[in-house]
Amino acid sequence: MGANPPEKKDPSVQALLDGLSTTEEGLSTEAAAKRLVQYGRNEIAEKKRSRVLALLRYFWGPIPWMIEAAAAVSVVIQHWDDFGIIVVLLAANAIVGFWQESKAGNAIELLKKRLALKATVLRDGKWLDLPATELVPGDVIRLRLGNVVPADTRLIKGEYLLIDQSALTGESLPVEKHEADLAYASSIVRQGEMNGVVAQTGMSTFFGKTTKLVEEAESGSHFQKAMVKIGDYLIVIAAVLVAITAAVGLFRQQSALELLQFGLVLIVAAIPAAMPAVLSVSMAVGAEALAKKEAIVSKLVAIEEMAGVDILCSDKTGTITKNELTVGEVKALPNYTQDDVVTYAALASREEDKDPIDDAVIAKVKGMEGCLDRVARHRVDDFKPFDPISKRSQVTVEEEQGQAFQISKGAPQAVLELVRAGGDVQKEVDDWVEGFATKGFRALGVARTDSSNAWSYVGLVALYDPPREDSAQTIATAESMGIDVKMVTGDHVAIAKEVSGLVGLGANVVTPSAFLDKTDDEASAAIEEADGFAEVFPEHKYRIVELLQNKGHIVCMTGDGVNDAPALKKADAGIAVAGATDAAKSAADVVLTAPGLSVIIDSVKESRKIFQRMTNYATYRIAETMRVLAFVTLSIVVFEFYPVTALMIVLLALLNDIPIMTIAYDNVKYSSSPEKWDMRTLLEVSTFLGGIGVLSSFLLLYIGLDVLHLSTPVIQAFIFLKLAVAGHFTLFVARTKGPFWSIRPGKPLFLAVVSTKVVATLIAVYGLLLPAIGWNLALFVWGYALVWFVIQDFLKVRFYHLLDRRRGGVDKQTRST
């Protein structure tokens, strides 16, 4: 069985109940209103505060602070055009990121509203149906079949409740509750009806105490770390080049103000101002694509994290399994058949009671040919539902011939006491029960009376929570994509091992004792080697994720219950499956709206595509920065010549960044293995491509100066057009690891790039904001850029081959695409 919340009477809860002025008529409306204000007055203020902080985060993130520094410099030197452009880019990044994440967050809020709980409450002597959020300690509520318990409630009146706590404890089978017991928030009433007094609400419930672990769970984004590294790399390069330019300029006694102005535009060119917006849009587009696949993204950065997941920790109950009891095996004693066992068990069940055990037996009857007809040939005269004291249900039935007899169904030992069987019958029943237990099955005994009204044991029915139909295939697919799947459950080891075998996982299922009170190295080794974990509490799941992360794994946790929330929050990618509790949804990065694990595979594939687009953009952006900065700096230092003006660099920044947003719609192929930021390769390839660009730019500068003998203003416009046209050719080179034609570019990206090149050409040809160069020089630049595009692409493919050879051929399959 799974781990249960403590059943002892909490002194603090009892003291609270003793101090509440609840009467037989329930709370008055006025008293309830006062308590509601008392317990929830800070909720609205907290929501407003979280929204403001979310927006501010986009203005003071890893990259934005660098952009703001550039804006500050432009104010100092009163370079207002540059200041305006930088502010517009920064604001666009903040608004796009905040809006997209808010939109996903609103989707979660809509889900919560759609799943909002109602409670039957006694107020002013009348029973009312009110939103569960309006409950306060001291309210008298009624719990009946099918209700979700809205708050921790002390039961005060009624016979008993059969409550499903699987969302809290991970156990498959319902538990009994009687007067003075606590019914925990978020559990489900499967049978019975009782009244109770609300003891705790909100964060004070068992549900709420579990979510406190969620608040402590913070997970640093690999995406954010990669952005910081890229930004730092570009800033260091810019700082070195600007310092060299300034030193040389001062040595040549150039104007300090002029040097400061040009240093500013070099910084603007170096800082990837549009990077946060581009990546946010890429992930937002991916989030929309995932929504069509029944996966709602609540935190955009989770998309990048899912692409790199190499371990999937999956909750068993309700995720790998259906969270519903099913008949697994049927054993018949001598003189009876399996059909007899199932038929008599069905006659001792009642469908309208919605008892999970009865439902499983009735479903089995419906699936067995002839059994349903046998059941129909009996008339039920007297039905006694399951009695928690005797552990049996009992029914009197009459056959078509008019012969009446009794049937009893219940715990095997209880049925043995009824039958008073011993010897071979008892031994055989005990052996079967023990055998079922090793498989994690729950045994159900069936007996009937004969013509002399003597009881005889008919047989046993084994019940279990079966895997979902697609679980085995989904797990196999995940493993083929380089993801190690580990099952995590609160159920007994025997149940976990049985389910693990049914879905194709290994048999190495361990309990928390394997990693508790051990050194981190010993615990990490045990967890890495395990195929699954059983009998775990919420803090154990949190610890599992933490240890795996400490070993360098990127961990995905799936689940549906309150007990999954801390680990969902701690995991790099937390996924709440269909039907998950609000606690799981709020902690998760992705919320599935379709059942099963198969949606996760689609999500991982989509995430890996998005990762490819982000990597392609980062490669292009670093290469472009290197190409422009190194060329400009070396031209100034070596040739004492400014190849472009400050205005031209600002125009280049705009022409490069505005259309690049469409890379979010580019065509890519997902990798067959987990993705990760390989910063060394990224920087090596980007620097290599940028170096080729610098070489081609210097060659064109030589042609313009010494071959064509162009004037300085025309040369600058000439070089500007080359940098603009060749810049996006570099994008087409950077977006594939094979030849540029191996993956056709997306239509939005292609049209946006071509349109931008046309605009840059028209600006240079007709002299808009800069000297005109005419069509002849413009066509020469286009032809020159196309030739170097082919050369650059050929050299890129060879360079990737060299990198593969250096790493021993890692990821060759991915490189070929």
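Please refer to the structure higher up on the page.
Just so you know, these numbers come straight off a predicted model, no measurement behind them. (Residues numbered from 1 in each chain as written. Predicted model: local features only at pLDDT ≥ 70, side-chain atom pairs only at ≥ 80, totals over all residues. Heavy atoms only, no water.)

A. Expanded view of the overall build of the protein. When its secondary structure is counted, the protein shows 30 helices and 21 strands. The 817 residues of the protein split such that 54% are buried. Contacts spanning at least 24 positions in sequence make up 72% of the contacts within the protein whose residues lie at least 6 apart. Accessible surface computed for the protein: about 34700 Å², of which carbon and sulfur atoms make up 58%. (Helix = DSSP H or I, 4+ residues; strand = E, 2+ residues; numbered from the N terminus. Buried < 20%, exposed > 50% of the residue type's maximum accessible area, 1.4 Å probe, protein only. Contact = heavy atoms within 4.5 Å. Areas by Shrake-Rupley, 256 points an atom, 1.4 Å probe, with all protein chains shown as cover.)

B. Up close: the pattern of salt bridges. Under the counting rule described, the total for this entry stands at 21 salt bridges. A salt bridge links glutamate 193 to arginine 144; the nearest nitrogen and oxygen atoms lie 3.6 Å apart. With glutamate 193 in strand S7 (residues 188-200) and arginine 144 in strand S3 (residues 140-144), this residue pair connects regions lying 49 residues apart in the sequence. Glutamate 176 serves as the salt-bridge partner of lysine 391, at 3.6 Å between the closest nitrogen and oxygen. With lysine 391 in the loop between strand S11 (379-387) and strand S12 (392-398) and glutamate 176 in strand S5 (residues 175-177), this residue pair connects regions lying 215 residues apart in the sequence. Overall, lysine 391 belongs to the partly exposed group, its relative accessible area being 35%. (Salt bridge = Lys/Arg side-chain N within 4 Å of Asp/Glu carboxyl O.)

C. Region of interest: the nonpolar core. The biggest cluster of nonpolar side chains holds 122 residues, and the ones touching the most others in it are Trp677 and Phe720. Here this core gets 19 residues from one element, more than from any other, and that element is helix H24 (residues 598-639). When near neighbours in sequence (up to four residues on either side) are disregarded, phenylalanine 720 contacts Val644, Met648, Leu651, Leu652, Leu655, Ala760, Ile763 and Leu770. Within the second largest apolar cluster, 27 residues are counted, among which are Cys371, Phe405, Leu444 and Val461. (Core = buried A, V, L, I, M, F, W, Y, C linked by side-chain atoms within 4.5 Å.)

D. Representation of the packing of aromatic side chains in the model. In this structure the tally under the stated criterion is 16 aromatic pairs. Arranged with centres 6.4 Å apart and planes meeting at 50°, the rings of tyrosine 784 and tryptophan 788 form a pair that is tilted. In this pair, tyrosine 784 and tryptophan 788 are both assigned in helix H29 (residues 774-806), 4 residues apart and thus about one turn of the helix distant. The buried category is assigned to tyrosine 784, whose relative accessible area is 10%. The buried category is assigned to tryptophan 788, whose relative accessible area is 16%. Following the ring pairs from residue to residue traces out a cluster consisting of Phe729, Phe740, Trp741, Trp782 and Phe789. Directly above the ring of tryptophan 127 sits arginine 142, whose terminal nitrogen or CZ lies 4.2 Å from the centroid. The ring of phenylalanine 405 carries arginine 448 above its face, with NZ or CZ at 3.9 Å from the centroid. (Phe/Tyr/Trp six-rings, centres within 6.5 Å; stacked < 30°, edge-to-face > 60°. Lys NZ or Arg CZ within 6 Å of the ring centre and 35° of its normal.)

E. Representation of the environment of cysteine 371 in the model. By the secondary structure assignment, cysteine 371 is in helix H15 (residues 371-376). Relative accessible area serves as the criterion here: at 0%, cysteine 371 is assigned to the buried category. Separated by 28 residues in the primary sequence, cysteine 371 and threonine 343 have C-alpha atoms spaced 5.9 Å apart. Apart from the residues within four sequence positions on either side, cysteine 371 is in contact with Asp339, Thr343 and Val365.

F. The sheet that holds strand S18 (residues 532-533), seen in detail. Taken in spatial order, the 8 strands of this open sheet run S8-S21-S20-S19-S9-S16-S18-S17, and their pairing is mixed. If you trace the sheet from one side to the other, it starts and ends with strand S8 (295-297) and strand S17 (509-510), each paired once. Sheet topology places strand S20 (residues 573-576) next to strand S21 (residues 590-592); 2 bridges connect them, and they run parallel. For isoleucine 575, the partnering residue across the bridge sits in S21 and is valine 590. (Pairing = 2+ DSSP bridges.)

G. Spatial organisation of the environment of valine 632. You can see valine 632 is positioned in helix H24. Sequence-wise, valine 632 and threonine 245 are 387 residues apart; in three dimensions their C-alpha atoms are separated by 9.4 Å.

H. Layout of the side chain of serine 314. Mapped onto the secondary structure, serine 314 falls in strand S9 (residues 311-315). At 3.2 Å, the side chain of serine 314 and the side chain of threonine 558 are in polar contact. With near-sequence residues (within four places) excluded, serine 314 lies in contact with Thr319, Ile320, Lys486, Met487, Val488, Thr558 and Leu597. (Polar contact = N/O pair within 3.5 Å; in protein donor to acceptor, adjacent residues only side chain to side chain.)

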